[in-house]
Amino acid sequence: MVVVAVLAASVLLQLVAAVLALRLVRLTGRVLGWVAIAAAVALMAVRRGSTLVALLRVPDLASAPVLSAELIALLISVLLVVGLVAIGPTFALIGRGQELEESLGRVVESSLNELYIFAADDLRFLRVNHGARTNLGYSEQELSTLTSLDLKPDFDEPRFREVLAPLDTRRVSRVRFQTWHRRKDGSRYPVDVDLQPTRFDGRAAYVATILDTTHRSESERALRESEEHFRSLIEHSQDLTTVLDQQGRVVYQSPSVTRILGRAPADLVGTMVLALVHPEDLATVREALSGALSGTLSGRAIVHRLQHADGGWRSLEGVGSLREVPGGERQIVLNLRDITDREK
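Now for a look at the structure at hand. These numbers were taken from a predicted model, which means no experiment stands behind them.

What counts and how
Within each chain, residue numbers correspond to sequence positions counted from 1 in written order. Owing to the predicted nature of the model, reporting of local features is limited to residues with pLDDT of at least 70; listing and counting of side-chain atom pairs is limited to 80 or more, with chain, interface and lining totals taken over all residues. Note that water and hydrogens are dropped before the side-chain values are worked out from all heavy atoms of the structure. Helix numbering and strand numbering both begin at the N terminus, where a helix is a DSSP run of H or I of at least 4 residues and a strand a DSSP run of E of at least 2. The classification of residues rests on relative accessible area computed with a 1.4 Å probe and restricted to protein chains. Under 20% of the type maximum is buried, over 50% is exposed, and intermediate values are partly exposed. Between two residues, a contact is recorded if the distance between any of their heavy atoms is within 4.5 Å. Values of accessible area rely on a 1.4 Å probe in the Shrake-Rupley scheme; residue burial ignores everything except the protein chains shown. Between rings of Phe, Tyr and Trp, where Trp is taken as its six-membered ring, a pair exists when centres lie within 6.5 Å; planes separated by under 30 degrees are stacked, by over 60 edge-to-face, and by other angles tilted. Two thresholds decide whether a charge sits over a ring: the Lys NZ or Arg CZ must be within 6 Å of the ring centre and within 35 degrees of the ring normal. Whenever a carboxyl oxygen of Asp or Glu lies within 4 Å of a side-chain nitrogen of Lys or Arg, that contact is scored as a salt bridge.

1. Looking at the overall build of the protein chain
Part 1: Each helix and strand in the protein chain was counted, giving 11 helices and 10 strands.
Part 2: Taken over 344 residues, the protein chain has a buried fraction of 36%.
Part 3: In the protein chain, once contacts between residues fewer than 6 apart in sequence are set aside, the share between residues at least 24 apart is 47%.
Part 4: For the protein chain, the accessible surface area stands at approximately 20400 Å², while carbon and sulfur atoms represent 58% of it.

2. A closer look at the packing of aromatic side chains
Part 1: The tally for this structure, following the rule as stated, stands at six aromatic pairs.
Part 2: Ring geometry for Y116 versus F125: centroids 5.4 Å apart, planes at 35 degrees, classification tilted. An identical accessibility class is assigned to Y116 and F125; each is buried.
Part 3: Grouping aromatic residues by their ring pairs yields a cluster made of Y116, F118, F125, F155, F160, F177 and Y206.
Part 4: When the ring centre of F155 is taken as reference, the NZ or CZ atom of R159 above it lies at 4.3 Å.

3. Observations concerning the pattern of salt bridges
Part 1: Applying the stated criterion to the full structure yields 13 salt bridges.
Part 2: Here R176 ties to D194 by a salt bridge, and the two come within 3.0 Å at their closest N and O atoms. Residue R176 is located in strand β3 (residues 175-182), and its partner D194 is located in strand β4 (residues 188-200); the two are separated by 18 residues in the primary sequence.
Part 3: Among the ionic pairs, R337 bridges to D239, the shortest N-O distance being 3.0 Å. A residue pair is termed long-range when its members are at least 10 positions apart, and R337 in strand β10 (residues 330-338) and D239 in the loop between α7 (214-235) and β6 (240-244) qualify at 98 residues.
Part 4: Taking relative accessible area as the criterion, R337 reaches 49% and is therefore assigned partly exposed.
Part 5: A residue is classified by how much of its surface remains accessible, and D239, at 23% relative accessible area, is partly exposed.
Part 6: In this structure, a network of salt bridges that share partners links the residues D121, D122, R124 and R203.

Printed below as a string of structure tokens:
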């Protein structure tokens, strides 16, 4: 009866092992290997099951299986089940890791930024994402034959190696710089480059994140042209234009100040505008400047007096407006007209 119990336990454990092997098909995606193992273990269970049935029908002790052999078979079945149970979580982690890697790969591939991985030894591209291929006009196969230098017309290899040297020696973890990239059609565009060391397929490599700054450069150029036009207009104006920071310090003074107040523009830049205001007009001017900063300025003209270089006083009429500059800083622009002759 002991042999019967051992046989029954072996059959049960082998069937459990076959089911566990089939579960690993879903976790690993490897169909053929695990199905073959499950089938082999199931056939072992069938063989022992047939022996068990025959023994139950004809309990002939002479033909009964040897107990020691069946105990060994039972131990093998136990170890097989334990092994399959223990290895299941490992394959689950591997499966999740592969899913995460594929998910990250899709994110990188669909990123609007240009992402490159290139080898450290020959600088040849190992991986280039869709955003980069689209902007450059190259296919993935074409890029696999190019190096990072083929896209950077302003660099030769010695100079580029100098940029990479701090990464190679681990003095820094990343290097950033600005340069130009060249497309397949020969056109160029400005880029911000962020380089970091990495390993890819067992090779030392670099990962480059590239930001196309064409639109930013165009905006900066438009702003610069606008400021130059503004400066050209006020420098040829007969009126006085003064730009103040939020503390009331002069950051720009138009050349007309020499004619009106007898002072050089450079002498006033960096000084407090209130230092030139007549003591009796200080309260009015302070209120006007505060209103300009808070956005509550009514827009009506303010008449006040400013001191001339000869010690006399000039009467001016003007308005102030708020101006925001890049970086979020606010400035006050004063447009003043000399009305001294009218006030006399």
